[in-house]
Amino acid sequence: MLPRPRLWVSLVPYGIGRTKPNHYFEILRTVWDNRHDLPYAWRILSKGVCDGCALGVAGFRDWTMEGVHLCTTRLDLLKLNTARALDPAVLADVKRVPRSAAALRSLGRLPFPMLRRRGEPGFRRIGWDEALDLVAARIRATTPERIGIYLTARGLTNETYYAAQKVARYLGTNNIDNAARVCHAPSTGALRKAIGVAATTCSYRDVIESDLVVLFGADVANAQPVFMKYLYLARKRGTKVLVVNPFREPGLESYWVPSSVESALFGTKMTDAFYQIHTGGDLAFVRGVLRVLIDEGGVDEGFVRDHTEGFAELRRVLAAISLDDLAVAAGSTPAEMRAFATTYREARSAVFVWSMGVTQHVCGTENVQGIVDLALARGNVGRPGAGLMPIRGHSGVQGGAEMGAYATAFPGGLPVTPENARVLGERYGFELPARPGLTAAEMVEAAGRGEMDVLWSSGGNFLATLPDPNSVRSALASTSLRVHQDILVSPQMLVEGDEVLLLPAMTRYEQPGGGTETTTERRIVLSPEIPGPRPGEARPEWDIFAEIGRRARPLAAPGLGLRSAAEIREEIAEVVPAYAGIERLAAGGDSFQWGGRHLCEDWRFPTPDGRAQFSDVMPAAAEQRPGRYQLSTRRGKQFNSMVWRERDPLTGAGRDALFLSAVDAIALAVTEGDPLVVRAEGGATVRARAHVVPIRAGNVQMFWPEANPLIAQGRRDAVSGVPDYNAVVEISRG
């Protein structure tokens, strides 16, 4: 573990030109929000494993650096975990219930099962037996292909994901998916194909010890603020940081580090160079950089020759494309590509970090493949200070896929094939479906076509997370039975349907026997059960899945198992070899890192031939249309779709802001704050206000989920199924 100052509080990251944060105010706000039970709130913070982003903090400590670690994401989420139970009478008439997600969260925790049938004004309280029997009866009355189960990453544990996927297969369906499908699914597929593993290949220490860290389409200052502590120490050690992103993110420009007096007063410069490419220009940019490396002798030819396949074909394809054409497609210049290549070539090691700015595209898998290829060209995987890091924004999302809560994969990431279904079926004692199921977006679209009888969601809010919310609302209303298993009320619960059932769930801190999460660096950590109040009749999520499975198919139920958290961990250890050891985690903070510090260590790749695989995918030709702008979505002061503040402290923008360049503002004859109308090609419109920022001309951004009406339904990455959260838009004065 690396030494560091005794305290790290990453409370509100601000950028250049913004008001300096008042850290004490943030702490006081947290105290006020949790004033009804401060001792319990303290126990969650000091004993629990953070349910925010997937960087992983147990109590106030991690496994990389000494000191106390805390961020505003965790503090904001704390009030959800300590919230008191709502009065069921509040939901008796949904017309009187507020519609905003923030107002619904303020109502409090769901304490009892509640049911609403079509035509009824609201929900009524029912008993658990009635609720569980209702779901079981509706499952028995339909066919497996008309059942869909979705799990968000909202603090869910590996135990819940594993139980849910086993129950889904027990019921005969592979229609089970999780939040990874709308964020890092392209990373999973591209990494597995290229290097044989589907996870971050390095550890956080490698970020600190690397010569170079590159952030592609990732604003870690906002989404993973604890990561800034690693960048800060890396900078102190001489690491260079490059950012590839259309917008010059203020939080990556400069950062106030409270534990350093100098930084707290004046800020710390975090990035050496920004490369402001077009939205979706990532593949063209990294291909251009690779072309320069090839031309200038910057490729590690020995590594490529001895440990990879496919580079000769990639070299041949690249030779047929001019650097100028790649630069145009990227929204860059040959000079910028050469500058990036020079910095990269001079670095003895590099860590490439990327997030949803890379993956949430129709070409998301190809974008990741290009980044992986660039790393492989210089052997930057499987050794100290080097690696590939698809940085995760939610504490449960890495484990969700590895537990098999995935339409296209069984536990351990094994693809859904007849052979894998047969082998796992022999272990489980029942037959498993052998064809891939519907992904998250496909389930909702199937519901819209009247092809879904049971849609069961653990957490989440499809109305906010999926494109085209009007279509989503219609789909939800068309489902015979919707089951919403959650800790709080969300807007999608209020959409009327034939039958809408609410099931109150425990948080990870309340679950008997505790629960585990898997961090971005593949560390499996036990979060213990924490003594404190329990709202109403809330149940552990894994137990809800298991009990409905037993009631839906009672004759075969004795073989289902899933009787306790400890039993589930023992089964995970048997079914997922990489997780062997999870059954021995006993106390809060106990952990181990599956695969060790480095995957593919010493360049041993778990691919069929033991070699890393280059791809030869190439970017599409640049398409420039006058009067059209490429819109992408961004996050503000929020966690997933939960918005905490109406104004983003990083950028100073309100939630209705349209981020645009000064060049485009002049062309549109608008100034800061002017009202605008943003129109998508399909005709949908959203009103916005101009926010002039240093962004690549021709590109604009809006906050998500406010921009979702502009995003077309059905546009997905063909390989991974991740939705494309971008659009071509017209802009006019409002």
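Structural data are supplied above this passage.
The shown structure was predicted, so the numbers you read here are calculated from the model rather than taken from an experiment. (Residues numbered from 1 in each chain as written. Predicted model: local features only at pLDDT ≥ 70, side-chain atom pairs only at ≥ 80, totals over all residues. Heavy atoms only, no water.)

Describing the overall build of the protein chain
Piece 1. Within the protein chain, the regular secondary structure consists of 27 helices and 29 strands.
Piece 2. Here the C-alpha atoms of the protein chain give a radius of gyration of 25 Å, agreeing with the 27 Å that 2.2 N^0.38 yields for 734 residues.
Piece 3. Considering the protein chain as a whole, with its 734 residues, one finds that 65% of them fall into the buried category.
Piece 4. Contacts spanning at least 24 positions in sequence make up 77% of the contacts within the protein chain whose residues lie at least 6 apart.
Piece 5. Only carbon and sulfur atoms are counted for the fraction: they give 53% of the accessible area of the protein chain, which is about 25,200 Å².
Piece 6. With 85 positive and 81 negative side-chain charges, the protein chain shows a spacing of 4 Å between the two charge centroids. (Helix = DSSP H or I, 4+ residues; strand = E, 2+ residues; numbered from the N terminus. Rg over C-alpha atoms; globule rule 2.2 N^0.38 Å. Buried < 20%, exposed > 50% of the residue type's maximum accessible area, 1.4 Å probe, protein only. Contact = heavy atoms within 4.5 Å. Areas by Shrake-Rupley, 256 points an atom, 1.4 Å probe, with all protein chains shown as cover. Lys, Arg positive; Asp, Glu negative; His and termini not counted. Charge placed at Lys NZ, Arg CZ, Asp CG, Glu CD.)

Details of the sheet that holds strand S15 (residues 454-458)
Piece 1. Spatially, 7 strands are ordered S4-S3-S17-S16-S15-S5-S6 in an open sheet, and the strand pairing comes out mixed. Strands at the two margins of the open sheet, each flanked by one partner only, are strand S4 (124-125) and strand S6 (176-178).
Piece 2. Note: S15 against strand S16 (residues 481-486), 5 bridges, orientation parallel. Note on S16: the bridge partner recorded for tryptophan 456 is valine 483.
Piece 3. Across the sheet, helix H5 (residues 128-140) is in contact with strand S3 (114-117), S4, strand S5 (147-151), S15, S16 and strand S17 (499-504); its angle to S17 comes to roughly 130°. (Pairing = 2+ DSSP bridges. Axes fitted to C-alpha atoms, helices over the stretch in contact; angles between N-to-C directions.)

Observations regarding the sheet that holds strand S7 (residues 212-216)
Piece 1. Across the sheet, which stays open at both edges, the 5 strands sit in the order S11-S8-S7-S13-S14 with parallel pairing between neighbours. Here the strands that pair on one side only, and so sit at the sheet edges, are strand S11 (273-275) and strand S14 (387-390). The average angle at which neighbouring strand axes cross in this sheet is 15°, direction not considered.
Piece 2. Across 5 bridges, the pairing between S7 and strand S13 (residues 350-354) is parallel. For valine 214, the partnering residue across the bridge sits in S13 and is phenylalanine 352.
Piece 3. The sheet strands contacting helix H7 (residues 185-195) are S13 and S14, and the helix crosses S14 at an angle near 160°.
Piece 4. Against the sheet, helix H19 (residues 364-376) touches S7, S13 and S14, its axis set at about 175° to S13.

Brief notes about the nonpolar core
Piece 1. Ile195, Phe216, Phe285, Phe340, Phe352 and Leu501 are the most contacted members of the largest nonpolar core, which totals 144 residues.
Piece 2. It is helix H13 (residues 282-295) that provides the largest number of residues to this core, a total of 9 residues.
Piece 3. Residues within four places of phenylalanine 216 in sequence aside, it is in contact with Val244, Val286, Phe340, Phe352, Val353, Trp354, Ser355, Val358 and Ile371.
Piece 4. Counting residues in hydrophobic clusters, the runner-up holds 30 residues, among them Ile208, Val213, Val243 and Tyr255. (Core = buried A, V, L, I, M, F, W, Y, C linked by side-chain atoms within 4.5 Å.)

Describing a nonpolar patch on the surface
Piece 1. Together, Ile27, Val31 and Leu38 make up an exposed nonpolar region whose accessible area comes to about 220 Å².
Piece 2. With respect to the element layout, isoleucine 27 can be found in helix H1 (residues 23-33). (Patch = residues over 30% accessible without salt bridge, like charges linked within 9 Å, V, L, I, M, F, W, Y side chains within 5 Å. Salt bridge = Lys/Arg side-chain N within 4 Å of Asp/Glu carboxyl O.)

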